[in-house]
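Descriptive analysis of the structure
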Amino acid sequence: MKAYRNRLFITFMILTGSILAVLGFILGQLFPFIIENFAIKNNLQFDAVQIEETRKQFASIIAFLIFLSFVLICFVANHLIRNLLDPIENITLTAKELTKGNYRARAYALGPVSIVELRNSINILARNLQEIEKIREIEEERLKTLIENMGSALIMIDREAVVSIVNRQFLEGFELSIDEVKGYNFLTLGLPTELENFIDHVFLTELPYRKQIEVEIQQEIQYKQVYGAPVVGDHGRWLGVVIVMHDISELIRLEQIRKDFVANVSHELRTPITSIKGFSETLLDGAFKDEKMLISFLDIIYQESNRLQMLIQDLLELSKIEQHGFSVNILPTSLQEVLIRSVELTSPRLDEKNMQFDVDIVRDVMVMGDFNRLIQIFTNLITNSITYSPEDTTITLRIKANSEFGIIEVEDQGMGIEKSEIARIFERFYRIDKARSRNSGGTGLGLAIVKHLVEAHHGKINVESTVGKGTCMKVLIPLKK
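What comes next is a walk through the structure. Note that the structure is a prediction, hence the values are computed from the model and not measured.

1. What to know about the nonpolar core
- If you look at the biggest cluster of nonpolar residues, it comprises 41 residues, and the most contacted ones within it are Ile 377, Phe 378, Leu 381, Ile 395, Leu 397, Val 410 and Val 475.
- Looking at this core, the elements that each hand over two or more residues are helix H8 (291–322), helix H9 (335–352), helix H10 (371–387), strand S9 (394–401), strand S10 (405–411), helix H13 (446–456), strand S11 (460–466) and strand S12 (470–478).
- Per-element accounting of this core gives the leading share, seven residues, to H10.
- Beyond its immediate sequence surroundings of up to four residues, Val 475 is in contact with Ile 377, Phe 378, Leu 381, Gly 406, Ile 407, Ile 408, Val 454, Lys 460 and Ile 461.

Dropping the structure here:
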């Protein structure tokens, strides 16, 4: 605007100077006629010297007047141009600030009525935009708060398949960060295949769709009720899709427990009870007279009653752990001491199969845990490794640490676990080799108890396994700070 003002001023001055120059030239050309008329009217006679002298004086006066007029016009023109363009420049700058999103900008231009009206209109527009921006920010904050605290995972994907909105529940559920998700194609996020297929279906059909899917996250099966719908903007323009996921894993788990409990428990109880009853009836029918048979049958009854007792104890223990409000006594605890005590408790079982321990402890690690509960965890894991390993093999125990957790690894050289079964081994009564587990006296509840106890410590348990080579259980317990 300043450059335009300068150009306008220079152009006007050139035009004015040209007009004054032409006027001066014309007056100079008319000078002889003016002298002649003046002499005729006054009966005067002028010689050449007088005429030349008069001409010079006349030219000087004319030049001075033209110069004075030019300076005066320059001053007046500059004042007028400034009064005209400065308000417009101020209003223009205000409008530019508004286009940048600075709705606090105001115009303070003075001038003619039209300029003042334009200024007032710009200021009213700025105030309206500022109010609209405040309302938009409030609505955006409300929407953000609603999305973040809705309790369900939400992700919005635009028409280019790029993630535009995602909430905290979604990020935490799939262990992602906002930087890894927002602005990226959803197919590059490493989401479960079932979920990717669901999103693809909504994209292709552009119709609302609801489905219950089963996904595996961190070796754990989770059940999601997923709802997808297209997002339609003004004038029916298709903007993308929104996906909402409700975690119904707990409901499915409770329903499954309800269904399986009677079947599993009755099945687990039937075998020892049938054995006890059968052998008791046989003894009552007269078999007790045979001392060898009596001792053999009583031994079987004793073993089955022990098995029955173990099952009931494990059920009571699991029920106690799963109750709301269950907590462990968290104190600074040495993982080395926990491991040594666990080894002492499981050594008799190890000797029965002529197996050995390979202990790899570089240094002790202090964690926040319940000493007795940690012993229970590792005793269960070591016993499992012994049960599912052949004779004359080695159980390797390691203690490690990272920046957050103390880690104990229990690795065996046993039968291994199929990848498809890893996510299910922590379910109640789930057995990889049912016949072998029952023959070894297992109840099928040990790993379920282990998982609950690890979670009570705010820890994690990971499983790595290769069929035919062995399994490594990694338990992560928070470090002492």
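2. Considerations on the pairing of strand S1 (residues 153–158)
- Extensive coverage of S1 is indicated by the burial of five of its six residues.
- Bridge count between S1 and strand S5 (residues 238–247): six bridges; the pairing is antiparallel. The residue of S5 that forms the bridge with Leu 154 is Val 244.
- When S1 meets strand S2 (residues 163–166), the two strands line up antiparallel, connected through three bridges. The partner of Ile 155 across the bridge, within S2, is Val 166.
- Linkage of S1 to S2, two consecutive antiparallel strands, is achieved through a turn of four residues, within which Ala 161 is found at a positive phi near 70°.

3. As for the packing of aromatic side chains
- For the structure on display, the rule yields four aromatic pairs.
- Plain terms: the ring middles of Phe 198 and Tyr 209 are 5.0 Å apart, the flat faces sit at 20° to each other, and that makes the pair stacked. Of this pair, Phe 198 sits in helix H6 (residues 193–205) while Tyr 209 sits in strand S3 (residues 209–217); the two residues are eleven residues apart in sequence, bridging distant segments of the chain.
- The exposure class of Phe 198 is buried, given its relative accessible area of 2%.

4. Comments concerning the sheet that holds S1
- Overall, antiparallel pairing links the five strands, which are arranged S2-S1-S5-S4-S3 in an open sheet. The open sheet is flanked by S2 and S3, the only strands paired with a single partner. With direction set aside, neighbouring strand axes in the sheet form an average angle of 25°.
- Taken together, the nine bridges between strand S4 (residues 220–232) and S5 define a ladder with antiparallel strand orientation. What sits directly across from Ala 229, in S5, is Val 242.
- Contacts from H6 reach S1, S3, S4 and S5 within the one sheet, and its direction differs from that of S3 by about 155°.

5. Points about H10
- The terminal C-alpha atoms of H10 lie 24 Å apart, and with 17 residues this matches the ideal 24 Å at 1.5 Å per residue to within 8%.
- Residues of H10 that are buried: Arg 373, Leu 374, Ile 375, Ile 377, Phe 378, Thr 379, Leu 381, Ile 382, Ser 385, Ile 386 and Thr 387.

6. Quick word on the environment of Glu 196
- Examined against the element boundaries, Glu 196 turns out to sit in helix H6.
- Accessibility expressed as a relative area gives 16% for Glu 196, which makes it buried.
- Separated by ten residues in sequence, Glu 196 and Phe 186 have C-alpha atoms that sit 7.9 Å apart.
- Residues within four places of Glu 196 in sequence aside, it is in contact with Phe 186, Leu 187 and Leu 191.

7. Observations regarding the sheet that holds S9
- Strand order in the open sheet formed by five strands is S7-S9-S10-S12-S11, with mixed pairing between adjacent strands. Each of the sheet's edge strands pairs with one partner strand only, and the pair in question is strand S7 (356–361) and S11. Across this sheet, the average inter-strand angle for adjacent strands is 15°, counted without regard to direction.
- Looking at chain direction, S11 and S12 are connected through seven bridges and run antiparallel. Pairing of Lys 460 across the sheet is with Leu 476, part of S12.

8. Describing the side chain of Thr 346
- Looking at the element boundaries, Thr 346 is found in helix H9.
- When neighbours within four sequence positions are excluded, Thr 346 is seen to be in contact with Phe 357, Thr 379, Ile 382, Thr 383 and Ile 386.

Cut-offs used in this document
- Residues numbered from 1 in each chain as written.
- Predicted model: local features only at pLDDT ≥ 70, side-chain atom pairs only at ≥ 80, totals over all residues.
- Heavy atoms only, no water.
- Core = buried A, V, L, I, M, F, W, Y, C linked by side-chain atoms within 4.5 Å.
- Buried < 20%, exposed > 50% of the residue type's maximum accessible area, 1.4 Å probe, protein only.
- Helix = DSSP H or I, 4+ residues; strand = E, 2+ residues; numbered from the N terminus.
- Contact = heavy atoms within 4.5 Å.
- Pairing = 2+ DSSP bridges.
- Phe/Tyr/Trp six-rings, centres within 6.5 Å; stacked < 30°, edge-to-face > 60°.
- Axes fitted to C-alpha atoms, helices over the stretch in contact; angles between N-to-C directions.
- Expected span 1.5 Å × (residues − 1).

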